[in-house]
Structure formats: structure tokens, C-alpha cells
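Observations on chain architecture
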Amino acid sequence: MSDISDTNIVLVGNPNTGKSTLFNLLTGLNQKVGNFPGVTVDKKTGYFKINDTKYNVIDLPGAYSLNPNSEDEKITRNYISDTTNNDLIVFVADVTNLKRNLLLCSQIIDEGKQVILGLNMMDLLYKNKQEINLEKLAASLGCPVIPINARLGKGINKLKESITNYQVNPTPFLTESNNNTIDDTMLRFKKIDTILNDCVTNKGENKSYLLTKKIDNILTHKIYGYLIFLILLFIIFQAIFSWSSYPMDLIESGFIWLSDFVATNLPEGVLNDLLVNGVIAGLGGIVIFVPQIAILFAFITILEDTGYMARVSFLMDRILRIFGLNGKSIIPLLSSTACAVPAIMSARTIGNPKERLITIMVAPLMSCSARIPVYTILIALIVSEDSTISIFNLQGLLVLSLYLLGFVTALLSALLMKWLIKAKQQSAFTLEMPIYRAPRWKNVGIEIVSKVKIFLFDAGKIIIAISILLWVLSSYGPGDTFEEIDKKYVQNEQQLDKDELSSKIASEKLEASYAGIIGKTIEPTIKPLGYDWKIGISLVTSFAAREVFVGTMATLYSVGDEDNTKSIRQKMMEAKNADGGKLYTTATTLSLLIFYVFAMQCMATLAIVYRETKSIKWPIIQIIYMGALAYIGSFVIYTIFS
Amino acid sequence: MTLDTLKENEKGIIESISDESLAIQLLAMGFILGEEVKVERIAPLNDPMIITSGDNYISIRKKDAKQIKINKT
Ligand SMILES: Nc1nc2c(ncn2[C@@H]2O[C@H](COP(=O)(O)OP(=O)(O)O)[C@@H](O)[C@H]2O)c(=O)[nH]1
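Residues numbered from 1 in each chain as written. Chains lettered and ligands numbered in written order. Predicted model: local features only at pLDDT ≥ 70, side-chain atom pairs only at ≥ 80, totals over all residues. Heavy atoms only, no water.

Counting secondary structure elements, chain A contains 28 helices and 12 strands. Overall size of chain A, expressed as C-alpha extent along the three principal axes, is 100 × 55 × 40 Å. Looking at chain A as a whole, 51% of its 642 residues qualify as buried. Contacts spanning at least 24 positions in sequence make up 72% of the contacts within chain A whose residues lie at least 6 apart. When the accessible surface of chain A is split by element, carbon and sulfur atoms take 61% of a total near 30000 Å². Each charge sign in chain A was given a centre, from 60 positive and 57 negative side chains, and these centres are 9 Å apart. (Helix = DSSP H or I, 4+ residues; strand = E, 2+ residues; numbered from the N terminus. Buried < 20%, exposed > 50% of the residue type's maximum accessible area, 1.4 Å probe, protein only. Contact = heavy atoms within 4.5 Å. Areas by Shrake-Rupley, 256 points an atom, 1.4 Å probe, with all protein chains shown as cover. Lys, Arg positive; Asp, Glu negative; His and termini not counted. Charge placed at Lys NZ, Arg CZ, Asp CG, Glu CD.)

Here it is, written out as C-alpha cells:
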């Protein structure tokens, strides 16, 4: 993993004690996020150098004890119990709550590890007018004790000094061993009490919670609490859907410019075509969502950073539990309205395995931003922009109902799974209510960048690959069918004018291409939903990612309009079905909308579900149940409206 | 009596926690046998509740609180 000559420093501590702050302080820009082998907990590693010696720093997930209660805590336990390494542990403790913090510290000492105790939040200790005798504490624990303030960077040099000069022979904390965990823990607390009585003078009192409790009187209030949460949700949605339109328009025109530029400046041919219609089109389809994802995660990080998210979980737990979910499910469900990929990753914080699994299974039913372009283009086909019901814009209402439909279906599916999935183990829902703190803007920035990166690279890879595949499928056909078509028309050259001719050739080629063949093959299956083979092609390509629908439509209907004088909307409006009637009737369009609300059409999400559940079973079930919902829902709607 | 029966702002001493894994978890979060626990707040639908002990401040479901035997003070 690292050079033998390097020293590994491992940061361990309870959640919310300032570990990440210290980690950032120690490593600065020299850090990266990876994964612990076999599991999906983020592993943050970095390094710093002193006099040419390199120190690797590893930030372990926060834990309360070595008796794990969640995926995160298991990682920390396994890392500490691993006797093959000789890493130096920097235990980060919140000095205002030493008793609880020292429990884990004492357990680590008894694992025979080399420990430095970093007492963080010293500023708060002074504010509380408490005093602590560091020498005595160090002597009783048998390890160096360094006071720090990670927020302001105080004490860091002392800490580094202690790291470079480390030479202590660990002495066990508990002399008598006890196999019963509860008794063992009680013994530890008893000894910690004795030590703290000796070392800490309690002149003042802990003031940190006074303000927090006052704020909680409002934020978790029976009425205002929900009201404030609703207003916040409204602001977040407003931000995602209206503030983001400006950067999204910019990105869109940027890509139009780019594809124009490439199309005109590269020599005509296969490469040009592949770049413009395959790669750039696919890339544009992903990058366009970056503003929405960035805005969403900015809000989520701020809400988590301040401590507000824990209150939302508290307020929502009882309601969500009816559906087999958990107060913490609110974060993944909310994030899913931007993109299910990071949302499903954020379900890791849910300790209860069954509730976590259900959250992962239903999150993709929430309408994500990839569905927005599909909704937009389809709705415009059946409702004109300025039609209203009293003061409400009808298009807006329709979009809202699709969102609600997804949300309600997610809850109902969760309810069903609650009955079907067997719980392996019971797990309690305990959630610490952190004290309110100002958000760390730098942390918000880091979080946004890392989430956008995951989206661009994890999802992007697949979308680009499929875009290229799609391009191949629609540009080539079996055998020499394409040449036959060319030949056929050479003879007719005189009768038709040039444009008409090339459009005829192109549409006939598309029909004969592999994509056309696939579309025609599935046509009988999707006919009951009101779709033809061209829509069939879109359904197939959308399996990669929903927004590919719009691109596919553009490709399918651009055939016959070489100068691109009409918008996709106009072209779809004019599209005819086999009998020569209008293809996108109200029935067909609504049916297609319903299909996109329900169907599991996202390779990236499936990949992440597989990674998070470590089983191929769950993504497969997801494809099937969401597919069934889509098929039946669309069929019912089509039958009603036609 | 058990913790779930307390109303907002009532206190008690933790006597025992019947579920072992819950006991281990709560102990590590600073809810220690023999120490005082206070019900700080109960959620609008009567569940979950926020409890405090010392400087520890957590939310817990009623079903789990039922496992915690207390002596009301
Ligand atoms: N007052 C004070 N706050 C701190 C100090 N160190 C960290 N914090 C804050 O404590 C909170 C939790 O820190 P974080 O690094 O996320 O903790 P982690 O969960 O252990 O990684 C953040 O709001 C920090 O700004 C400190 O020395 N003093």
C-alpha cells in the first residue's frame, strides 16, 4: 500500500470531533478519496512531509467504540484489530466530552496500539471555564496528550513533533480483562471517571448545548419544525430548477458551439461523425446536469454540516418508518431528485441494513434530473406553453404530478418491500444530535467537487460508451444492406431532387440499421403501450441513461432534415404512425411519460446499486419491478386515453 | 418503569438495558448505567424522542427506549 520507509498515521475518534478538519490541516492538498477494499466506505488518505520523511495519513470513519454498529464502525474496528500493521494512531477527542471519547481511546490502547491523544476543541474548554491537567492525564493513560484547535490550526506543530519523536511503550489501560462487553465498558467508564476527577477541574459548565437546545425549541417544534423544513425544501427545489437554468443554458450553447466547430473543422467522414454525434452529444448530455447536482449537494452539505439534517431525521423518522424507511432515508431520497448515483451512496449512513436496502431499492423512483429533458420535450407535445388552470401553468402542474407520482410510488414500493424483505438483524435507531455549528464553506466546496466527480466519471463513462455504441448501431447494418440502398437510389437520381433523395436514403438506412432491427423486433411488445419502432429504439438506448432519449429522438428525426431547420419538438409533432395518423397523441405521450417515471433506465445507477449491495440480485430485482411498474402503468394510461 | 413512558423534561436513573446490542451501543454513546437520563423532547407523532445524559444528546425510537429500565427521579 505504501513504501515501507513511510510512517502511517491513522486518525481515529468519535463522530464530529474534528477528525476531517485535522486531516485537512495535516495533509492540505495532498489528499485523495478511495475505497476500503471490499466495502463502500470512503477512505481518505493523504500525506505530509517533515525533513524528507513522508508521513501517510489515513482518516478512519468516526466510531463510538470497537463494538461496531454500522458499516462505518466495522471498518474502524477491523483496521484497529489488524495486528499486521504498526501504524501510529492519533486519537482525536472532543475535549468537552472527554468521558465518552476516552472509552474508544482506552479500547485502542488495549489493542496494543501506539496512541497519541489529540485533545481537540480546546477553545470550547476555555470558554466553559474548565481546566485540564495535561501531564496527569498523559501519565494516567500512558500516552502523549497534545491540546489542539483544529479549526484555527493551533497545536499542530506540537502534534507533528510528537509524531516524529514517538517512543512510548504502550501500557494496558485495563489490567483485569473481562469477556462481557457491558461489564468491560462499565469498568472502563469507572476508571475514566477516576482519571477525569483527578485531571479536570469543573469550575464552569458545558455551555455548548445551551444555545443548541434553544434553537431546537424552534427547529424541532411540532408545527414550526415541519413548516421550516417545507420552506427549505421549496427553496432547494426552486434553486435546482430555476437558478440552474442559467448555467445549464450556457453549457448547452457551449456544446452546440463545440459540435459545430468540430463538424466544420474536421475532415468529413466516420471520425467526424463519431465525434460529433457519438462522443460530444453524449458528453453534452452529462455535463448539462452538473449545475443541478452541484446546487443540490451544496444544500445537503450545508444542512449536514450545521447539524440540521439530524433534526430532519428526527422529525421524519416516524412517518418514514411506516414505509420501512428510516429518518435518515430523507437524505438519499432528496438527493435522488438530482441523481440517484450519489444518493444511493449517501444511504451508507443508515445503520439498519434492511432500511438501508429499501432506501436504495426505491430511491431511483424519485424523478431525477435526467428525466427533466424527457418530461420537458414530451409535455410540450401535448400541452402548449401558455395553457393554464386558473393561475397555474399547466405544463408546470403536469411536471409536478409526475414528481409526486414517482415519490408516492417510491413510498408504496418501500411499504411492499418492508413485508417482503426479511430482516437479518434488528438494529436500533440511535442518532446523535450534534450541536449547531456554522457551515465550513471549504468543506462544502470539497463535497460539491467530489460528488460532481463521481457523477461525471462513474456515470459519464457508461453514458459515453453507450452513446458510441448507439452511434455504431444506427450507422451500420448487417451485411451489405446499406450499399444496396445506395445502389437502389443511384438509378432514381434523375427523378428526385437532391435533398429529398438523401433524406429517403438516410431514413431507409436507419430502418435497416442494427438499431432499426432492434426497434422493429420489440415493436410488437410495445405496441399495446402506443409506441412504434422508433420509440422502441429510444427505449433501448435510454436504458443507458434516460436523457439519451432526447438525443436519440434528435438523431431519428433529423433524418430527412439535413439542414436542421426544425426543432426536435416540431419534428416529433409531425411524426406519423404506421396508419398515417399522428404518432404523439395524448394517449401515446402520456403513456411514454409514465414509462419514464417508472422504468429503471440507468446503467450508472444499476452499477452503483451492485457496488453498494455487493449482490447482483438487487439491481436485477430493481430492473424487473420498475420495468413491470412502467409497462403496466403505461398500458393502463394508454388504454384509458385512447 | 421504562424510559419510553417518561414525558418531556422528566428524568430518571438508568438501571439496566435489556437488549445487549442496544446496551453496548448506548453505553458507547455515553448513556451509562447508574447515570441520569432526561427526555428532552418527543417528536410530533409521539416517536422518536431526544434524550440527554451528561453532554450526550441523541435521538432514539420509543421501541428501543422501552428496553431501558429506569428509576424515575
Ligand atoms: N470550536 C471548535 N470547533 C471545531 C474544532 N475542530 C473542529 N471543529 C468543528 O467541529 C465540527 C466537526 O468537525 P469534523 O472535522 O467534520 O469532524 P469529524 O466528523 O470528526 O470529521 C465542524 O463544524 C468543525 O468546524 C475546534 O478545535 N474548535
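We now examine the site of the ligand. Residues and elements named next belong to chain A. Taken together, 16 residues form the shell around the ligand, and within it Asn16, Ser20, Thr21, Asp123 and Asn149 come nearest. Note that an oxygen atom of the ligand is positioned 3.0 Å from one of the side-chain N or O atoms of Asn120. One of the side-chain N or O atoms of Arg151 is found 3.0 Å from an oxygen atom in the ligand. When isolated, the ligand has an accessible area of 580 Å², and the protein chains bury 91% of it. Mapped by element, the contributors of at least two residues to the shell around the ligand are α1 (19–27) and α4 (122–127). Tallied by class, the residues present in the shell around the ligand amount to 3 nonpolar, 8 polar and 5 charged. (Near = heavy atom within 4 Å. Polar contact = N/O pair within 3.5 Å; in protein donor to acceptor, adjacent residues only side chain to side chain. Nonpolar A, V, L, I, M, F, W, Y, C, P; charged D, E, K, R; others polar.)

Here we take up helix α16 (residues 353–362) of chain A. A turn of α-helix holds 3.6 residues, and therefore any two residues three or four places apart point the same way. Residue and element names in this part refer to chain A. With 8 of 10 residues buried, α16 is to be regarded as a mostly interior element. Those residues of α16 not exposed but buried are Glu355, Arg356, Leu357, Ile358, Thr359, Ile360, Met361 and Val362. On its buried face, α16 sits against α13 (308–322), α14 (330–335), α15 (340–345), α18 (394–420), α27 (603–613) and α28 (617–641). Where α16 begins, the side chain of Asn352 points an oxygen toward the backbone nitrogen of Lys354, at a separation of 2.9 Å.

The next thing to look at is the pattern of salt bridges. The full count for this structure, using the stated rule, is 22 salt bridges over all chains. When salt bridges that share partners are traced, they join A:Asp317, A:Arg321, A:Glu355, B:Asp47 and B:Arg61 into one network. (Salt bridge = Lys/Arg side-chain N within 4 Å of Asp/Glu carboxyl O.)

In terms of domain boundaries, chain A breaks down into domain 1 (8–205), domain 2 (224–369 + 393–420) and domain 3 (462–641). When each unit is reduced to the centre of its C-alpha atoms, the spacing between domain 1 of chain A and domain 2 of chain A is 36 Å. (Domains from an automatic or database assignment.)

Right, let's talk about the interface of chain B and chain A for a bit. Accessible area lost during the coming together of the parts is what is often quoted as the interface size. Counting from both sides, the interface comprises 35 residues of chain B and, opposite them, 42 residues of chain A. Between chain B and chain A lies a buried interface of about 3400 Å² when both sides are counted; carbon and sulfur atoms form 59% of it. On the chain B side of the interface with chain A, the three residues burying the most area are B:Asp55, B:Tyr57 and B:Arg61, jointly 22% of the side's total. B:Glu8 serves as the salt-bridge partner of A:Lys222, at 3.7 Å between the closest nitrogen and oxygen. The interface formed by chain B and chain A contains 13 residue pairs in polar contact (both at pLDDT 80 or more). For the side of chain B that touches chain A, the elements supplying multiple residues, two or more each, are α1 (20–28), β2 (36–42), β3 (49–53), β4 (56–60) and α2 (62–65) of chain B. Among the elements that make up the side of chain B that touches chain A, the one with the highest residue count is α1(B) (9 residues). Broken down by class, the residue content of the side of chain B that touches chain A amounts to 19 nonpolar, 6 polar and 10 charged. Sheet topology places strand β12 (residues 430–432) of chain A next to β4(B); 3 bridges connect them, and they run antiparallel. Each bridged residue has a counterpart across the sheet, and for A:Thr430 the counterpart in β4(B) is B:Ile60. (Buried area = accessible area lost by both parts, 1.4 Å probe. Pairing = 2+ DSSP bridges.)

The relative placement of two aromatic rings is captured by the distance of their centres and the angle of their planes. Residue and element names in this part refer to chain A. Tallying each qualifying case throughout the model produces 7 aromatic pairs over all chains. Geometrically, the ring pair formed by Tyr375 and Tyr403 is edge-to-face, given 6.3 Å between the ring centres and 80° between the ring planes. Separated by 28 residues along the polypeptide, Tyr375 in helix α17 (residues 371–382) and Tyr403 in helix α18 bring together distant segments of the chain. We classify Tyr375 as buried; its relative accessible area is 1%. An aromatic cluster of at least three residues, connected via ring pairs, comprises Tyr531, Phe549, Phe595 and Tyr596. One Lys or Arg, Lys54, reaches over the ring of Tyr47 and ends 4.7 Å from the middle of that ring. A cation over an aromatic ring shows up here: Lys160 above the ring of Phe48, its NZ or CZ 5.1 Å from the ring centre. (Phe/Tyr/Trp six-rings, centres within 6.5 Å; stacked < 30°, edge-to-face > 60°. Lys NZ or Arg CZ within 6 Å of the ring centre and 35° of its normal.)

What the 6 strands build is an open sheet, ordered β12(A)-β4(B)-β3(B)-β2(B)-β1(B)-β5(B); its pairing is antiparallel. The open sheet is flanked by β12 of chain A together with β5 (68–72) of chain B, the only strands paired with a single partner. Averaged over all neighbouring strand pairs, the angle between strand axes comes to 40°, with direction disregarded. Pairing of strand β1 (residues 11–17) of chain B with β2(B), which is carried by 3 bridges, proceeds in the antiparallel orientation. Bridging from a neighbouring strand, B:Gly12 pairs with B:Val37 of β2(B). Across the sheet, α13(A) is in contact with β12 of chain A together with β2, β3 and β4 of chain B; its angle to β12(A) comes to roughly 150°. (Axes fitted to C-alpha atoms, helices over the stretch in contact; angles between N-to-C directions.)

Turning our eyes to something else, we now look at unusual backbone geometry. Residues B:Asp47 and B:Pro48 are joined by a peptide bond in cis, for which omega reads -5°. On the secondary structure map, B:Pro48 appears in the loop between β2 and β3. Positive phi is not limited to glycine here, since A:Asn16 has a value of about 65°. Within the fold, A:Asn16 resides in the loop between β1 (7–13) and α1. One non-glycine residue, B:Asn9, lies in positive phi territory at about 75°.

A separate point is the pairing of β1(B). Here β1(B) pairs with β5(B) via 5 bridges, running antiparallel. Pairing of B:Ile13 across the sheet is with B:Asn71, part of β5(B).

As a further point, take the nonpolar core. All names here are of chain A. Ranked by internal contacts, the top residues of the largest apolar core, which has 107 residues, are Leu325, Leu378, Phe549, Met572, Tyr584 and Leu592. Composition of this core by domain shows at least three residues from each of domain 2 (224–369 + 393–420) and domain 3 (462–641). Those residues in contact with Leu592 that lie beyond four places of it in its chain are Leu378, Tyr531, Ile535, Leu539, Phe549 and Tyr584. Listed in part, the 65 residues of the second largest apolar core include Ala63, Leu66, Leu137 and Leu196. (Core = buried A, V, L, I, M, F, W, Y, C linked by side-chain atoms within 4.5 Å.)

This next bit is on the pairing of strand β3 (residues 42–50) of chain A. Across 7 bridges, the pairing between β3(A) and strand β4 (residues 53–59) of chain A is antiparallel. The partner of A:Gly46 across the bridge, within β4(A), is A:Val57.

So, on to α13(A). Residue and element names in this part refer to chain A. Spanning 15 residues, α13 covers 23 Å between terminal C-alpha atoms, matching the ideal 21 Å at 1.5 Å per step. Counting buried positions along α13 yields 12 of 15 residues, so the element is predominantly enclosed. By the burial criterion, the buried members of α13 are Tyr308, Met309, Ala310, Arg311, Val312, Ser313, Phe314, Leu315, Met316, Asp317, Leu320 and Arg321. Downstream of α13 by one or two residues, Gly324 has phi in the positive range, about 80°. (Expected span 1.5 Å × (residues − 1).)

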